[in-house]
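Descriptive structure summary
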Number of protein chains: 2
Amino acid sequence: MPRRGLDSRQVIDAAASIADRDGLEAVTLARLAHSLGVRPPSLYHHVAGHDAVLRAIALRGLGELTACLQAAALGRAGPEALAATAVAYREYARAHPGRYAALQRGPAPGDSEHEEAALAAVQVLSAVLRGWRLEGEEMLHAVRVIRSALHGFVSLEAGGGFALPLDRDRSFERLIETLAAGLSPAAG
Amino acid sequence: MPRRGLDSRQVIDAAASIADRDGLEAVTLARLAHSLGVRPPSLYHHVAGHDAVLRAIALRGLGELTACLQAAALGRAGPEALAATAVAYREYARAHPGRYAALQRGPAPGDSEHEEAALAAVQVLSAVLRGWRLEGEEMLHAVRVIRSALHGFVSLEAGGGFALPLDRDRSFERLIETLAAGLSPAAG
DNA sequence: CTGCTTAGCCTAAGCCTATTAGGTAGACGC
DNA sequence: GCGTCTACCTAATAGGCTTAGGCTAAGCAG
């Protein structure tokens, strides 16, 4: 019985791939073990269990999403930054539906590593909103508005919620325009 | 062994209650059967299986949600109607988190009953948007914008996505204002 | 090279799901 | 009372997660 030389990184890689290809619910330890050429109990040497795998997928997704958002926002400001960030958000979710789904299960209470990763992603949005010169709590509310809109769109789109044969790209553009226009009358 | 006189209605009632109280993933046939004083296989006389139970919860949720939205929109127009409908949407999701979660799994392809129930809920939003005098496809895009925003907010809120100690009611008000202001410059 | 330790992988087993097959018994029409 | 329907049952299959315990390959000390 040859050794595979697995480590937790490879396990999470495989899990994220399965999630993206066949859906998050397809990420079972049996399936994961099979894809790695190993028996399910062997996975416990690398990950703590099924929940830990899902959390690790979410954590990886958060890191990647944050990087995508930062790359999109870099060098841009105002409505242009908002649009670019929004598009990057949607593209990430479409390219990695399984990771995005994993990310919807929020951090467990007290899981500070997970909480901080989520915060990092949110802070990109916060930076993007600088152009709107919102003050204090209004900025935080605005971030929630943006997050809600983006997450809602992406989530409905992924779940087949947009059944009509109507251009979804156009709907997304309208969403961004609505946000940009509605966030503040003082916006540029 | 006394008969309980179950029917599928009671089974779905119990399933929806479990979902709201302990989360959708707590709706197992074992748990459901136990709550009804019956063994799991007996449930198959009333429902087709686990998937069918989840679908039935979603269907019930859609019906109830549609009714709530209609009640909120009735006798109102324009931004007031939008605000009332949005509040009703959020309140339903908060009062029935399990049913709302069930509803996020969209209709299976070809499940026309489910698709029509979803359409009915969406049409309330469509009616609410009449005040914005949007033409043709713009109306449909606007409905998607509203749905995205509402669903996103409610979904993040339910998943603990709003971690900061910041008033969520106020955030929701800002969301509604943003939508109302941004939907169209021609809005009332 | 020999022998010890570590750690990766295994099988076996327990307990939880969902589901199917087939039996029992209460309730209703005649 | 008799037959039938059906609500419920037990038993069993299949597959999920997880733990316990054993085997062995790999790496290191001497």
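Note: the structure precedes this text.
Throughout what follows, the structure given in this document is the object of discussion.

Criteria and thresholds
The numbers attached to residues start from 1 for each chain and follow its sequence in the written order. Chains and ligands are labelled by the order in which they are written, letters from A for the one and numbers from 1 for the other. Local features in a predicted model are, by the rule used here, given only for residues with pLDDT of at least 70; side-chain atom pairs are given and counted only at 80 or more, and totals for whole chains, interfaces and linings are based on all residues. Heavy atoms from the whole structure form the basis of all side-chain values; hydrogens and water molecules are not counted. By the criteria applied, helices consist of DSSP H or I runs no shorter than four residues and strands consist of E runs no shorter than two, each listed in order from the N terminus. Residue exposure (1.4 Å probe, protein chains only): buried if accessible area is under 20% of the type maximum, exposed if over 50%, otherwise partly exposed. Residues count as neighbours in contact if any of their non-hydrogen atoms are within 4.5 Å of one another. Accessible surface is estimated by sampling points in the Shrake-Rupley manner with a 1.4 Å probe; for residues, cover comes only from the protein chains shown. Charge assignment in this entry is limited to Lys and Arg as positive and Asp and Glu as negative, and neither His nor the chain termini are counted. Note that the charge is assigned to NZ on lysines, CZ on arginines, CG on aspartates and CD on glutamates. Only the contacting stretch of a helix is used when fitting its axis, a line to C-alpha atoms as for every element, and angles between N-to-C directions run 0 to 180 degrees. An angle counts as roughly parallel when it lies under 35 degrees, as roughly antiparallel when it exceeds 145, as roughly perpendicular when it falls between 65 and 115, and as oblique in every other case. Residues are classed as near a molecule or strand on a simple rule: at least one heavy atom within 4 Å of it. As used in this structure description, the phrase polar contact means that two N or O atoms lie within 3.5 Å; if the pair is within protein, one of them must be able to donate a hydrogen and the other to accept it, and residues adjacent in sequence are counted only when both atoms belong to side chains. Polarity classes work like this: nonpolar for Ala, Val, Leu, Ile, Met, Phe, Trp, Tyr, Cys and Pro, charged for Asp, Glu, Lys and Arg, and polar for all others, with Gly in that last group. Any two rings among Phe, Tyr and Trp, with Trp reduced to its six-membered ring, count as a pair given centres within 6.5 Å; such a pair is stacked if its planes are under 30 degrees apart, edge-to-face if over 60, and tilted if neither. We call a charge positioned over a ring when the NZ of a Lys or the CZ of an Arg lies within 6 Å of the ring centre and within 35 degrees of the ring normal. Our superposition of the copies is a least-squares fit, built on the C-alpha atoms of residues whose pLDDT is at least 70 in both. Note: buried area is the sum, over both parts, of the accessible area (probe 1.4 Å) each one loses when the two are combined. In what follows, salt bridge is the name for a side-chain nitrogen of Lys or Arg lying within 4 Å of a carboxyl oxygen of Asp or Glu.

A tally of helices and strands in chain A yields eight helices and zero strands. N-terminal to C-terminal, the α/β element order of chain A is α-α-α-α-α-α-α-α. Summarising its shape, the C-alpha atoms of chain A cover approximately 65 × 40 × 30 Å along the three principal directions. Counting only residues that meet the buried cut, chain A has 48% of its 188 residues in that class. The long-range fraction of contacts in chain A, counting pairs at least 24 apart against all pairs at least 6 apart in sequence, stands at 64%. In the form shown here, chain A has an accessible surface area of approximately 9,300 Å², with 53% of it arising from carbon and sulfur atoms. In chain A, which carries 20 positive and 21 negative side-chain charges, the distance between the mean positions of the two groups comes to 6 Å.

Turning next to unusual backbone geometry. In this model, Arg-133 of chain A sits at a positive phi of 50 degrees, which is unusual for a non-glycine residue. Assignment of secondary structure puts Arg-133 of chain A in the loop between helix H6 (112–128) and helix H7 (137–158).

Axis separation between helix H8 (residues 168–182) of chain A and helix H8 (residues 168–183) of chain B bottoms out at 7 Å; the angle between their running directions is 105 degrees. Overall, the two elements H8 of chain A and H8 of chain B adopt an arrangement that is roughly perpendicular. Contact residues: H8 of chain A offers Arg-174, Thr-178, Leu-179, Ala-181 and Gly-182 of chain A, while H8 of chain B offers Thr-178, Leu-179, Ala-181, Gly-182 and Leu-183 of chain B.

Here we come to the protein's contact with DNA strand C. As a matter of local geometry, DNA strand C sits amid 18 residues, with Arg-39, Ser-42 and His-45 of chain A together with Leu-29 and His-50 of chain B nearest to it. Close to the protein, within 4 Å, the atoms of DNA strand C are drawn from sugar and phosphate at a rate of 53%. Contact distances for DNA strand C include 2.7 Å between a phosphate oxygen and a side-chain N or O atom of Ser-42 of chain A. In the environment of DNA strand C, a phosphate oxygen lies 2.6 Å from a nitrogen or oxygen atom belonging to the backbone of His-50 of chain B. Partitioning the surface near DNA strand C into residue classes produces seven nonpolar, seven polar and four charged.

With that settled, the discussion passes to the packing of aromatic side chains. All names here are of chain A. Applying the stated criterion across every chain, the model contains six aromatic pairs over all chains. Cluster of aromatic residues (ring-pair linked, three or more members): Phe-153, Phe-162 and Phe-172. One residue, Arg-90, lies across the ring of Phe-172, its end atom 5.1 Å from the ring centre.

Let us look at the relation of the copies chain A and chain B. You can overlay chain A on chain B at an RMSD of 0.0 Å; the transform is a turn of 180 degrees with a shift of 0.0 Å along its axis. Taken together, these values place the two copies in the relation of a two-fold axis.

All right, on to the interface of chain A and chain B then. Opposite the 32 residues of chain A that make contact, chain B presents 32 residues. Interface area, chain A with chain B, both sides summed: about 3,000 Å², of which 59% is carbon and sulfur. Among the residues of chain A in contact with chain B, Arg-144, Leu-166 and Arg-174 of chain A are the three that bury the most area, contributing 23% of the side total. The interface formed by chain A and chain B holds four salt bridges in total. Residues Glu-138 of chain A and Arg-170 of chain B are paired through a salt bridge, measuring 3.4 Å at the closest nitrogen-oxygen approach. The tally of links from chain A across to chain B stands at 18 residue pairs in polar contact (both at pLDDT 80 or more). Mapped onto the side of chain A that touches chain B, the elements with two or more residues apiece are H7 and H8 of chain A.

Residues and elements named next belong to chain A. Mapped onto the elements of the fold, Arg-99 is located in helix H5 (residues 97–104). Accessibility expressed as a relative area gives 10% for Arg-99, which makes it buried. Apart from residues lying up to four places away in sequence, Arg-99 is in contact with Ala-16, Ser-17, Ala-19, Asp-20, Ile-57, Arg-60, Gly-61, Glu-64 and Tyr-92.

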